[in-house]
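Architecture at a glance
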Amino acid sequence: MSRNPYMRVVPKTTWYLRNGRYLRYMAREVTCIFIGLYAIILTMGLVRLAQGPDAWNRYIAGMAEPVALVFHLVALGFACYHAMGWFNVTPKAMRIPKGDGFVPDKTIIGVHYGIWGGVSLVLLILMGVL
Amino acid sequence: MAKSNKPIVWGLFAAGGTVSAFVIPVMILITGLLVPLGVFGSEAMSYDRMTAFAGNWLVKVILFGVLTLTLWHAAHRLRVTAHDFGLRNDGPIAIAVYGLAGLFTAVALFALLSI
C-alpha cells in the first residue's frame, strides 16, 4: 500500500454529464422512467374504465390536457430511443449460426425494426378502422 | 452452485424490454397523442367502445401481459439507474421499485377482472 494512493474523484450524481457516451447511456437508462409512468397511466385508465362512464370520461378529458400531451410527446421520444437501443443490441443476444458463420448483425437488427414498424402500422390501421 | 434469483429477474426484464420496445411507442402515439388530439374522431375511445374492447378476454390477457412486463422492466432498470444517480442503498430501492411494479400489476389485474 503506497502512502499516498491515487483516489479517482468521480462526482456521484453528475458523472454522466462529462461525456457524450455517458450521457447517451444515461438517456437510455432513464427511458424506464417514462415507460414506467406510461404503464401506470394506462393502468389507471383501466381502473377508471372499470369505475364507469363518468370516471372514464374524466380520464379521457385529462388525457387531452396540455400537460398530458407534452408528457406523452416526451415519453414517445424516450420510448422510441429505448426501442432503437434495444433492437440495436439484439445481435449480441442472438447468435444464429448460418453456414460457416452467423447471420449478419444487420439482418437481425433489420428484422426487428421491420417487425416494430409492422406491429405499429397494424395497430394504427386497426385503430383507424375500428 | 449457489441459488440465485438473477435469471428470473433478468429474464422478466429482457421480456419486458422486448415487449415494450415493440408496442409501447405506438401505444403512446395512439392513446397519448392521436386520440386526445381527435385524429380518430371524438368517439375513438368512448366508454362503450372501450368496455367492449377491454371486455374481450384475449384483449385482457394481452393488456395484462404488456402492462406487467413493462412495469417489471421499468422497475428493474430504475433499480440499476438509481445506483448511477448516486443512490447506493440497493435494498430499500429494490423493495420500493419492485413493490410499485407489483402494486400496479395487482391494480391492473383487479381492474381488468372487473371490466
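Residues numbered from 1 in each chain as written. Chains lettered and ligands numbered in written order. Predicted model: local features only at pLDDT ≥ 70, side-chain atom pairs only at ≥ 80, totals over all residues. Heavy atoms only, no water.

1. So, the overall build of chain B
Let me state the cut-off plainly: Think of it this way: any DSSP run of H or I at least four residues long counts as a helix, any run of E at least two long counts as a strand, and we number them from the N terminus. Summary of the burial criterion: residues with accessible area below 20% of their type's maximum are buried, those above 50% are exposed, and those between are partly exposed, where the area comes from a 1.4 Å probe applied to protein chains only.
Looking only at helices and strands, chain B has four helices and zero strands in total. Starting at the N terminus and ending at the C terminus, chain B contains elements arranged as α-α-α-α. The principal-axis extent of the C-alpha atoms belonging to chain B is close to 55 × 30 × 20 Å. A buried classification covers 44% of the 115 residues belonging to chain B.

2. Focus: the overall build of chain A
The following threshold applies: Here the radius of gyration uses the C-alpha set of atoms, whereas the globule reference equals 2.2 Å times the residue count to the power 0.38. A contact between two residues is defined here by any heavy atoms of the two lying within 4.5 Å. Computed with a 1.4 Å probe, the accessible areas rest on the Shrake-Rupley method; for each residue, only the protein chains presented here act as cover. Counted charges follow a simple rule, with Lys and Arg positive, Asp and Glu negative, and His plus the chain ends left uncounted. Here the site of a charge means NZ on Lys, CZ on Arg, CG on Asp, or CD on Glu.
Along its length, chain A carries five helices and two strands. Along the chain direction, N to C, the helices and strands of chain A fall in the order α-α-α-α-β-β-α. For a compact globule of 130 residues, the expected C-alpha radius of gyration is about 14 Å, and chain A comes in at 22 Å, more than 25% above that figure. With respect to the three principal axes, the spread of C-alpha positions in chain A is 70 × 50 × 25 Å. Relative to its full complement of 130 residues, chain A shows a buried share of 33%. Partitioning the contacts of chain A with sequence separation of at least 6, the portion at a separation of at least 24 is 42%. When the accessible surface of chain A is split by element, carbon and sulfur atoms take 67% of a total near 8300 Å². Of the side-chain charges in chain A, 13 are positive and 5 negative, and the distance between the mean point of each set is 15 Å.

3. Looking at the nonpolar core
Generally speaking, soluble globular proteins have nonpolar side chains that are buried together. Here is the rule: Nonpolar cores were defined as sets of buried Ala, Val, Leu, Ile, Met, Phe, Trp, Tyr and Cys residues, with membership established by side-chain atoms within 4.5 Å.
Counting 42 residues, the largest nonpolar core has Phe87(A), Ile24(B), Met27(B) and Ile28(B) as its most contacted members. Of all elements in the fold, only helix H1 (20-51) and helix H3 (66-88) of chain A together with helix H1 (6-34), helix H3 (57-84) and helix H4 (90-113) of chain B reach the threshold of two or more residues within this core. The contacts of Phe87(A), once residues within four sequence positions are left out, are Ile109(A), His112(A), Tyr113(A), Trp116(A), Ala21(B) and Phe22(B).

4. Looking at the UniProt feature "transmembrane region" (unreviewed entry) in chain A
Residues and elements named next belong to chain A. Under the convention used in this document: UniProt positions are given in the numbering used here, feature names are shortened, and annotations may be inferred rather than shown by experiment.
In this structure's numbering, the residues bearing the UniProt feature "transmembrane region" (unreviewed entry) are residues 25-47, 67-87 and 108-129. The span residues 25-47 shows a helical share of 100% and a strand share of 0%, and its end C-alpha atoms are spaced 35 Å apart. Helix makes up 100% of residues 108-129 and strand makes up 0%, while its end C-alpha atoms are separated by 32 Å.

5. Thoughts on the interface of chain A and chain B
Quick reminder of the rule: Accessible-area loss on putting two parts together, using a 1.4 Å probe and summing over both, is the definition of buried area adopted here. Note on definitions: salt bridges are taken to be side-chain nitrogens of Lys or Arg within 4 Å of carboxyl oxygens of Asp or Glu.
Taken together, the contact pairs 51 residues of chain A with 52 residues of chain B. For the chain A and chain B pair, buried surface summed over both sides reaches about 4600 Å², with 79% attributable to carbon and sulfur atoms. Considering only the surface of chain A that becomes buried against chain B, Leu46(A), Trp86(A) and Met127(A) emerge as the three largest contributors, covering 14% of it. At the surface where chain A touches chain B, the tally comes to one salt bridge.

6. Digging into empty space enclosed by the protein
Counted only if it meets this: The method works on a 1 Å grid over the protein atoms by themselves. A cavity is a set of points holding a 1.4 Å probe that cannot get out, a pocket is an open set with protein on both sides within 12 Å along at least five of seven lines, and residues with an atom within 4 Å of a point line them. Grid points are joined across faces, edges and corners, and a volume is the space filled by probe spheres set on the points.
One pass over the full model with this rule turns up one cavity of 30 Å³ or more. Empty space within the largest cavity amounts to approximately 30 Å³.

7. What about the pattern of salt bridges?
On inspection of all chains with the given rule, the structure shows three salt bridges over all chains. In this structure, Arg28(A) and Glu29(A) form a salt bridge, with 3.1 Å as the shortest nitrogen-oxygen distance. Exposure remark for Glu29(A): the relative accessible area of 5% places this residue in the buried category. A salt bridge links Glu29(A) to Arg77(B); the nearest nitrogen and oxygen atoms lie 3.6 Å apart. One end of the pair, Glu29(A), is in helix H1; the other, Arg77(B), is in helix H3, on a second chain.

8. Points about the domain arrangement of chain A
The criterion, for reference: Residue ranges assigned to each domain were obtained from an automatic or database domain assignment.
Domain boundaries in chain A define domain 1 (1-78) and domain 2 (89-130). Using C-alpha coordinates to define each centre, domain 1 of chain A is positioned 26 Å away from domain 2 of chain A.

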